[in-house]
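# Working through the structure, step by step
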Amino acid sequence: MEETLLRIVADLEELHASPTASSLLQTPPVSESTLSDLHRLVDADNSELVDRFFEELASKNLPLSFLAQCIGSTMDSGSAARLSLLASDVYLSLLLSPNAPVLSLFAPVAFASLLHSIRKSVKSRQTIPEEDSGSGARAPANPKRKGGRRGSGSRNLHHIRNDGVEQSEIDERFFFTVLEKLVLVMDLIHLDRFPDSLKSLVHTVAELPIMVPDSFCNPSVYRQLTNLCSQLLRAALRPEHGDQANSAAEVLKYLSPLIMLAKSEVRMFSLSFVTNFMVDAGKECEGIMKAVVNFPKYLVQKAPEKSELRASAVESIMEIFRALEYRYQISFVEYVVKMTEGKSSFRLLAVDLIVPIMMSVEDVLGVQANEVNDSWGLRCLQALIKRCSDSNSTIRARTLSNLVHLVGFFANDDRSCKILKEVLGIGDGVNQKTGATINNLLKIRCTDEKAAVRKAALHLVTKLTSFFSGCFDGVLLKSMGMACCDPLVSIRKAAVSALSEAFRKFPDGIVATEWLHSVPRLIIDNESSIQEECENLFLELVLEKISRSGSAGSPHNYSAPYKLHDKEKDFERQIELLFPDEALGLLREICNVEVVPWIKKICKSLGKKNRLRPVVATALQDMIRASESLWLSLSLPIEKWTAPQGAWFLLSEVSAFLPNAVDWEFLHHHWLLLDKTRLGCEIKTPLTHGDWYEDDDVELYSVTWAGDRVFLLQTMSNISLELPPDLAADLAHNLLKRIEGFDMHPTEVNAHVKVLRTVCKQKALSAGEADALILRWVRQLLSEATQVIEKYISENTQANEEGSFFTPPRSGNRRGRRSVTTSELLSQATIAAYTVGSLVIVCPSADLSTLIPLLHKIITSGDLNPKSKLLQVSQVSLKQTAVPLYIQGWLTMGKICLADGKIAKRYIPLFVQELERSDSAALRNNLVVMMADFCVRYTALIDCHIAKITRCLGDPCELVRRQTFILLSRLLQRDYVKWRGVLFLRFLLSLVDESEKIRELADFLFGNILRAKAPLLAYNSFVEAIFVLNDCHAHSGHCSSQSSQSESRLFSIRGVDEISRTKRMRIYTCLLKQMTPEHLLATFAKICAEILAAASDGILNIEDATGQEQDAFQILACKEIRLPTSRGSTSESPEMDEEGDGSGGTSTAAAKGRAISQAVRKSLIQNTIPIFIELKKLLESKNSPLTGSLMDCLRLLLRDYKNEIDDILVADKQLQRELLYDMQKHESAKARSEAAQAVAVTEQSRNNHTPQASNAPSGASRQNKSSNELQSNSRVASARADAAAEATARSVLREVSRGNCTPPLSSLKVPKVRSGNRATGTRGAPSNRPREVLESLRRQPFGSDDEG
């Protein structure tokens, strides 16, 4: 060892004497051999030898600082990480050697080199396998360490080379040896004099856990590393290293990036160190505790905006929050509440923090301490509710979602639940003004423009349903029902869940009605999961409830003598008590005409899946039996009894899949009972004229019985396969006899024919035999129907002839008897005609040669043009005397046309003609339905008549308009009709129809279906729609339309009054909402070029009564056409409807915003401003009232370009001054209005105080003071605004008094335009406008895409 010591000293002397060392520019590094000798020397465990070494250095005049500098230089300039790490080990060993002069050896520069060496060794570990293997056998280490994959790199390394293994183990041993020695050195040195060294140490140690590669990170090795890092950080917090508060702040500062990471061991290490050691150390040191208490606030400032990382930050903050004492927690809560009033990023983080805070602290609402009014939890809850109305949609959505979790958390505690109800304003005994708060909030949020907000609001409604009591809010229910038609699947699911939960809690009244009108229709939804959910809910909430009620019902004997009406009322009360769970109300609502189609589809789907249980059919039969027994027990007449409404309908649907569950004796009994009642009441078709019944009750019961008979017959048809042959034959015979009487209701006719056909098919031995049997009785019925119709026509003709020849007329009694006979024949003929149509559908091959002439005579009887005028015969058409038969004749002929294409080709023009001129709304409605069927069957024949069919969209009858809209919408969706011609433009008026139902249908069509089916249609037809709605024929597309002037007036909203303009703007905004930003920009340019430039060019007459120019100004100024730019005030951060991870969203949206901003600015300067300048001159020259609209529009367009108005309006300085004046005036008026409104609200709230408020003088004085300050501030703001406006006005007037006028456009350089060739005329004259530029703008193509 003596030789080694002498070599080391000699080498150091040589280095000290070298020119590099003497120049003091750079300390030379120690050679590798000298470093190895030093390592052997300090590891020899011989303190005497190390002491001799220090003595030798002193004897040679070699200072220890020079030794430290040389080793530090080696650590910095080591060619390999291993050499640098070896130098670090030597330096630390020298410091730890006994009797070592630590103060002389320690140097900040060497210490920094030591830390740099440690970082460099960790980074170089990632490349060791590649360097050692030389063949690339192992890929670079993956920095993402997850689960069992840790350490795979080091295991793979063992299969490469033995020397690589040894090298790796040596480096790993050196690394941990260095860290262990560094921990020991921290006990010897004091870094209070070297704060930069302490910061470097903390920074390096905090980075080590995240810098280490995979080869270091098997669980045991990584645990050893974090333990050493923790020891170093603890040592750094000792008082000998400086102020503990500052040291703690540095440690927390460098640990914060690790804490903000997603879930990982690095994050767990950092959180564990803060929550365990630093919190415990803070109990002994006030400085450390102060740093830890402020650390959550620091993390709030550093929290990222991406949703996943923000959620991780919230979890980390809450971990630290839970480790703090209660008093420190309260301080942080107050800080979070204040954050809810800060900028958007802080508000978003605050609403995410409030919920876990409230869920992590016991007695957060102060229930146990009886401090509810002063509890900080109450303040948090109020702040959270306030954020539900935040201007940022992301914050609104997050707040509502967090409220859902909070409501679910407090729902299990009765006392907290009571306080929560009071705060939310729901439940009994709550102030009405307060109670409306949460309901009004949910109504607004369920219809929010952002999908994420609507979804969260619906989830909140689902949670709050259990809190509601009494009646459910009708408007909120309507909003939930509308959400079931939302275009997003997730929102439809949330709406179904919310409505179903409300239905479970409130099974009666408006909730059941809204559920049945909103949820069953989703059986036709495109999403299969929603269809399945619809089926499951119908089973649970409807069929199971009916099954329970039917099995629980039993007739009660009731024999007390009451008058008839009292007995009927008592029957209603008894029947409601007999069947619980509001089963009767469900059945009544099920047979609603708007619900019936969806119930049929649900029952059919459930039946095909074998999910219908026989207990449903049994329960329905029991309900009908119990109702009949209860009626008879009260001694009421059986002819007035009706089964529970909807029972027969539901039984007819489920019996198709449960035939064995229906008792034939039960059906036969009620069939005979219904038939007996029918014969007694003599039911007639409602198509006939006259008063048939003196008692309105009899007619009401008769119609109800008729409907029940239809469903009864359908049920019998469903179970006919189970009937024995004898019963089936008797049933067929009785059905045929009923049909031959031609005295049933039309719906009964269809039912009888269908049942008769079903019985014949099911009981025939073969298909041929069934067809022959059906054809035989069809021919028989057609023959009898022909005779009935011929008889009525002959009787009607004879009666007209007799009435015209007899003078004087016949006596009144005889004419009365004939009138009764004719009325009976008319009723019979009408039913016969209807029966013919039903038979044609059942058997299209039947011979109709004798019937078609009769039907032709009926439908053409309105065209009586007698050729001879010598004999004046009083001819009265069937259209006037037999309206029911006339209408039924068209219906029957339509069914014949559907069965025979040759007949359809001849008669379709007659149908179109009758549709145009008929004055009967019922007939027009039926004709529209037939034309829709023709369009499906004979598309080519109907295509040329579509324009005439669309006239019914403007029909005076609401039913006809709604029917036409629905049918054409279905045809358009199925591509039987194309969006071309006038069809789209005529559909627009449905958006502002008088009927609310039609408006809702139109909103859904344009907002959902059309957006997906034809996304470019609104863009391509927008400008044409402006001309059409204003009935202006200047547009080329409008001129080419072949519609007459009356049709143009019918489908336009001509006029400049407020109502007409509001309706047109409603249509425009609906179309603009469907356009993409690119199309909005192009539409903006098209409006300027085709309307405003045309008006400036003289093509459009601005003095015309049409309002397309004013509409153009309103459209250009509306918010729907305004593109989101990067200008103006800072708006909410880019957000999505469904909140995702948001990766890259902010930068992409910012880039898109900049591009849009540049495009808008370029369009303004090059296209819009020149047109506006020329048009303003023209309007001023003609003193047009449109000048004000133009200035308002221009003011709104340039509102975001206040700082660039001088550059944009360089072509017209006068216009520039006027706009600035208008903007200042508008802002001044707006400020005064807001201040006055605030003062009024303050005064009102002060006047509404209760008398007890006088007992609190301090609060009143503060309120009066704030009110006075508000009034004073409003006066000051108003005065300043007035002064600025007056100054601008004086400036403008001064320019006018000097005679300075706006220079002509041709004399300006920007924008560059060429002047006209003609002589300059008066200001604003056409000769003074650059027609070439405006014409080029007007003719500029805008890339219109055709819709196929």
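Being a predicted model, the structure only gives us computed values, none of them experimental.

### Description of the overall build of the chain
The secondary structure content of the chain amounts to 62 helices and 0 strands. Across the 1348 residues of the chain, 49% fall into the buried class. Carbon and sulfur atoms make up 51% of the accessible area of the chain, which amounts to about 64300 Å² in all.

### A word on the environment of Leu-516
By secondary structure assignment, the location of Leu-516 is in helix 27 (residues 510-518). Expressed as a C-alpha distance, the spacing of Leu-516 and Asn-592, which sit 76 residues apart in the sequence, is 9.3 Å.

### Digging into the packing of helix 18 (residues 326-339) against helix 20 (residues 376-387)
Two numbers describe how helix 18 lies on helix 20: the axes approach to 10 Å, and their chain directions differ by 20°. With respect to helix 20, the element helix 18 is oriented roughly parallel. For helix 18 against helix 20, the interelement crossing comes out left-handed. In this structure, helix 18 contributes Tyr-326, Ile-330, Val-333, Glu-334 and Val-337 to the contact, and helix 20 contributes Trp-376, Arg-379, Cys-380 and Ala-383. When the residues that make up the contact of helix 18 with helix 20 are grouped by side-chain class, the tally is 7 nonpolar, no polar and 2 charged.

### Some thoughts on the nonpolar core
Membership of the largest hydrophobic core comes to 394 residues, with the highest contact counts inside it found for Phe-53, Trp-777 and Phe-1006. If you tally residues by element for this core, the top one is helix 39 (residues 812-842), at 11 residues. Every residue in contact with Trp-777, bar those within four places of it in the chain, is listed here: Leu-736, Val-753, Leu-756, Arg-757, Cys-760, Leu-839 and Val-842.

### Observations concerning the environment of His-241
Along the polypeptide, His-241 turns up in the loop between helix 13 (219-236) and helix 14 (244-259). Through-space distance from the C-alpha of His-241 to that of Ser-197 is 10.0 Å; in sequence the pair is 44 residues apart. In contact with His-241, not counting residues within four places along its chain, are Met-186, Ile-189, His-190, Leu-191, Asp-192, Leu-198, Ala-235, Ala-236 and Ser-247. From its side chain, His-241 meets the backbone oxygen of Ala-235 in a polar contact 3.4 Å long.

### Remarks on the pattern of salt bridges
Tallied over the entire structure, the rule returns 41 salt bridges. Linking Asp-37 and Arg-40 is a salt bridge whose minimum nitrogen-to-oxygen distance equals 2.1 Å. With Asp-37 and Arg-40 both in helix 3 (residues 32-42) and 3 residues apart, the pair spans about one turn of that helix. By relative accessible area, which is 5% here, Asp-37 ends up buried. Each member of the salt-bridge network shares a partner with another, and the members are Glu-341, Arg-347, Lys-386, Arg-387 and Asp-390.

### Things to note about the packing of helix 18 against helix 19 (residues 344-360)
Between helix 18 and helix 19, whose axes approach to 8 Å, the crossing angle comes to 140°. Classified by the angle their axes make, helix 18 and helix 19 are oblique. Relative to helix 19, the crossing made by helix 18 is left-handed. Residues Phe-332, Val-333, Val-336 and Met-339 of helix 18 touch helix 19, and the partners they reach there are Phe-346, Arg-347, Leu-349, Ala-350, Leu-353, Ile-354 and Ile-357. Residue composition of the contact of helix 18 with helix 19, grouped by class: 10 nonpolar, no polar and 1 charged.

### Overview of the packing of aromatic side chains
As enumerated under the stated definition, the model contains 22 aromatic pairs in all. Ring geometry for Phe-175 and Phe-176: centres 5.5 Å apart, planes at 75°, overall edge-to-face. An identical accessibility class is assigned to Phe-175 and Phe-176; each is buried. With a centroid separation of 5.3 Å and 80° between ring planes, the pair formed by Phe-911 and Phe-934 is classed as edge-to-face. Here Phe-934 lies in helix 44 (residues 921-937) and Phe-911 lies in helix 43 (residues 901-917), a separation of 23 residues in the sequence. A single burial state applies to Phe-911 and to Phe-934, both of which are buried. We note Lys-895 situated over the ring of Tyr-834; from NZ or CZ to the ring centre the distance is 4.5 Å.

### Some thoughts on unusual backbone geometry
Excluding glycine, residues mostly carry a negative phi; peptide bonds, for their part, are mostly trans. With a phi angle near 55°, Asn-610 is a residue other than glycine that sits in the positive phi range. Tracing the backbone through its elements, the reader meets Asn-610 in the loop between helix 31 (596-608) and helix 32 (614-633). Take Asn-610: its relative accessible area is 69%, and that puts it in the exposed class. Not every positive phi belongs to a glycine, and Asn-1183 is a case in point at roughly 50°.

### Some thoughts on the environment of Val-178
Structurally, the position occupied by Val-178 is in helix 11 (residues 162-185). By relative accessible area, which is 1% here, Val-178 ends up buried. For the pair Val-178 and Ala-87, spaced 91 residues apart in the sequence, the C-alpha separation amounts to 9.8 Å. With near-sequence residues (within four places) excluded, Val-178 lies in contact with Leu-85, Ser-88, Asp-89, Leu-92, Leu-114 and Ile-118.

### Considering the confidence of the model for the chain
In this model, the chain carries a mean pLDDT of 76, and residues with pLDDT of at least 70 account for 73%. Confidence drops under pLDDT 50 across residues 1245-1276; counting only partners more than four residues distant or on other chains, this segment forms 15 contacts.

### Section: helix 54 (residues 1058-1072)
Under the 1.5 Å per step criterion, the end-to-end length of helix 54 is 21 Å for 15 residues, consistent within 8% with the ideal 21 Å. Taken as a whole, helix 54 has its buried residues at Ser-1060, Arg-1061, Arg-1064, Met-1065, Ile-1067, Tyr-1068, Thr-1069, Cys-1070, Leu-1071 and Leu-1072. For helix 54, the elements touching its buried residues are helix 48 (983-987), helix 49 (996-1013), helix 50 (1017-1020), helix 51 (1022-1029), helix 55 (1077-1097) and helix 56 (1108-1117).

Rules and cut-offs
- Just so you know, the residues in each chain are numbered from 1, in the order the chain's sequence is written.
- Only residues with pLDDT of at least 70 are given local features in this predicted model, and only at 80 or more are side-chain atom pairs given and counted; all residues enter the totals for whole chains, interfaces and linings.
- Side-chain metrics rest on all non-hydrogen atoms present in the structure, leaving aside hydrogens and water.
- By the criteria applied, helices consist of DSSP H or I runs no shorter than four residues and strands consist of E runs no shorter than two, each listed in order from the N terminus.
- Exposure classes here rest on a 1.4 Å probe applied to the protein chains alone. A residue is buried below 20% of its type maximum, exposed above 50%, and partly exposed in between.
- Exposure was quantified through the Shrake-Rupley algorithm and a 1.4 Å probe, taking into account, for residues, occlusion by the shown protein chains and nothing else.
- Axis definition: a line fitted to C-alpha atoms, over the contacting stretch in the case of helices. Angles run 0 to 180 degrees between N-to-C directions.
- Roughly parallel covers angles under 35 degrees, roughly antiparallel covers those over 145, roughly perpendicular covers 65 to 115, and oblique covers all other angles.
- Take the far helix as your reference; a near helix turned counterclockwise from it by less than a right angle gives a left-handed crossing, and one turned clockwise gives a right-handed crossing.
- Throughout, a residue-residue contact means that at least one pair of heavy atoms, one from each residue, lies within 4.5 Å.
- Polarity classes work like this: nonpolar for Ala, Val, Leu, Ile, Met, Phe, Trp, Tyr, Cys and Pro, charged for Asp, Glu, Lys and Arg, and polar for all others, with Gly in that last group.
- Residues belong to a common nonpolar core when they are buried Ala, Val, Leu, Ile, Met, Phe, Trp, Tyr or Cys residues joined through side-chain atoms within 4.5 Å.
- We call two N or O atoms a polar contact when they sit within 3.5 Å, provided that within protein one can donate a hydrogen and the other can accept it, with sequence-adjacent residues counted only if both atoms are side-chain atoms.
- We define a salt bridge as a side-chain nitrogen of Lys or Arg found within 4 Å of a carboxyl oxygen belonging to Asp or Glu.
- Between 30 and 60 degrees the pair is tilted, below 30 it is stacked and above 60 it is edge-to-face, where a pair is any two Phe, Tyr or Trp rings, Trp via its six-membered ring, whose centres lie within 6.5 Å.
- In this scheme, the term charge over a ring applies when either NZ of a lysine or CZ of an arginine sits within 6 Å of the ring centre and within 35 degrees of the ring normal.
- pLDDT: the predictor's confidence for each residue, scored from 0 to 100.
- Under the convention used throughout, the expected extent of a helix is 1.5 Å for every residue step, that is, one less than its residue count.

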